[in-house]
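In case you want the letters, here they are:
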Amino acid sequence: MEDVIIKFCYGKKYKYTNNYAIRNLIKYVTHEKDKEHVVLHYGTRGLTKNIDKAAEQIIRSQRLIKKNKNRRMYQVIITFPGNLEDTAFVSEVADRIADYYFQDYQLIYGVHTDTANLHIHFAINAVSYITGLKYHRSKKELAAEKEDLMNIIDYIADKYYPD
């Protein structure tokens, strides 16, 4: 699928180094923080669907593993072309990426409809609840991950839009 943008949010703005930042990110992804915007679909993996409890589960798991310093969350945003209005397709992309790609990490995600482009926000615990290791990637590894995510999107697109 052409014109899909995948952004791994890095930098000072996206560090999420304290409990308040974790709670705010989760509320943003699910739009619990701003009721005027619409989240079409949201889900979790390794967490309850209760927003407040999900944040606490992440915070507790990081504390238990003793990895509650520095970067504690990651955000990935996938933006679709403006002419794509198929919400079922975008929701399935979100579910499949959550199922297969970030399977070792607790995450919460939401399909947003608050801009001209449908897009998905993933909030990912930086610490694997399976291995206890932090999520670290080089630029080369991130490029490969973007390609993997695009392959998942293309696979689902072939199912929805066969040529």
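For the structure, see preceding data.
Residues numbered from 1 in each chain as written. Predicted model: local features only at pLDDT ≥ 70, side-chain atom pairs only at ≥ 80, totals over all residues. Heavy atoms only, no water.

A. Layout of the overall build of the protein chain. A tally of helices and strands in the protein chain yields four helices and five strands. Counting from the amino terminus, the protein chain carries its helices and strands in the arrangement β-α-β-α-β-α-β-β-α. Relative to the 2.2 N^0.38 estimate, which gives 15 Å for 163 residues, the radius of gyration of the protein chain is 15 Å and therefore close to what a compact globule would have. Counting only residues that meet the buried cut, the protein chain has 47% of its 163 residues in that class. Counting only contacts in the protein chain whose residues sit at least 6 apart along the sequence, the fraction spanning at least 24 positions is 77%. For the protein chain, the exposed surface amounts to about 8900 Å²; the carbon and sulfur share of it is 50%. (Helix = DSSP H or I, 4+ residues; strand = E, 2+ residues; numbered from the N terminus. Rg over C-alpha atoms; globule rule 2.2 N^0.38 Å. Buried < 20%, exposed > 50% of the residue type's maximum accessible area, 1.4 Å probe, protein only. Contact = heavy atoms within 4.5 Å. Areas by Shrake-Rupley, 256 points an atom, 1.4 Å probe, with all protein chains shown as cover.)

B. Helix α1 (residues 19-30), seen in detail. Between its first and last C-alpha, α1 extends 17 Å over twelve residues, near the 16 Å set by a 1.5 Å rise per residue. In this structure, the buried residues of α1 make contact with β2 (39-45), α2 (51-65), β3 (73-79), β4 (105-112) and β5 (119-128). One side-chain oxygen at the N-terminal end of α1 lies 3.1 Å from the backbone nitrogen of Y20; it belongs to N18. Positioned one or two residues after α1, H31 has a phi angle of 55 degrees, which is positive. (Expected span 1.5 Å × (residues − 1). Polar contact = N/O pair within 3.5 Å; in protein donor to acceptor, adjacent residues only side chain to side chain.)

C. Molecular detail of the environment of H136. For H136, the position within the fold is in the loop between β5 and α4 (139-160). H136 sits 110 residues away from I26 along the chain, and the two C-alpha atoms are 21 Å apart. Each residue touching H136, except ones within four places of it in the same chain, is listed here: Y74 and E141.

D. Representation of the packing of aromatic side chains within the structure. Enumeration according to the criterion identifies ten aromatic pairs in this entry. Seen from their ring centres, F102 and F122 are 6.0 Å apart, and the 50 degrees between their planes marks the pair as tilted. With F102 in the loop between α3 (87-100) and β4 and F122 in strand β5, this pair connects stretches of sequence that are 20 residues apart. This pair shows no difference in class: F102 is buried, exactly as F122 is. It is K49 that lies over the ring of Y42; its NZ or CZ is 5.0 Å from the centre. The ring of Y135 has R137 lying over it, and the distance from NZ or CZ to the ring centre is 4.0 Å. (Phe/Tyr/Trp six-rings, centres within 6.5 Å; stacked < 30°, edge-to-face > 60°. Lys NZ or Arg CZ within 6 Å of the ring centre and 35° of its normal.)

E. Spatial organisation of the sheet that holds strand β1 (residues 5-9). Taken in spatial order, the five strands line up as β1-β3-β5-β4-β2 in an open sheet, and their pairing is antiparallel. Here the strands that pair on one side only, and so sit at the sheet edges, are β1 and β2. Sheet twist, expressed as the average angle between the axes of neighbouring strands with direction ignored, equals 15 degrees. Direction of pairing for β2 relative to β4: antiparallel, over a ladder of six bridges. Across the sheet, residue V39 finds its bridge partner in β4, namely H112. In the packing of α1 onto the sheet, contacts are made with β2, β3, β4 and β5, and the angle to β4 comes to roughly 40 degrees. (Pairing = 2+ DSSP bridges. Axes fitted to C-alpha atoms, helices over the stretch in contact; angles between N-to-C directions.)

F. Molecular detail of the pattern of salt bridges. For the coordinates displayed, the defined rule picks out five salt bridges. Linking D99 and R45 is a salt bridge whose minimum nitrogen-to-oxygen distance equals 2.7 Å. Here D99, found in helix α3, pairs with R45, found in strand β2; they are 54 residues apart in sequence, far enough to count as distant. D99 sits in the partly exposed class, given a relative accessible area of 26%. With a closest N to O distance of 2.4 Å, R137 and E145 form a salt bridge. (Salt bridge = Lys/Arg side-chain N within 4 Å of Asp/Glu carboxyl O.)

G. Representation of the side chain of S91 within the structure. Mapped onto the fold, S91 is located in helix α3. According to the relative accessible area criterion, S91 is buried, its value standing at 12%.

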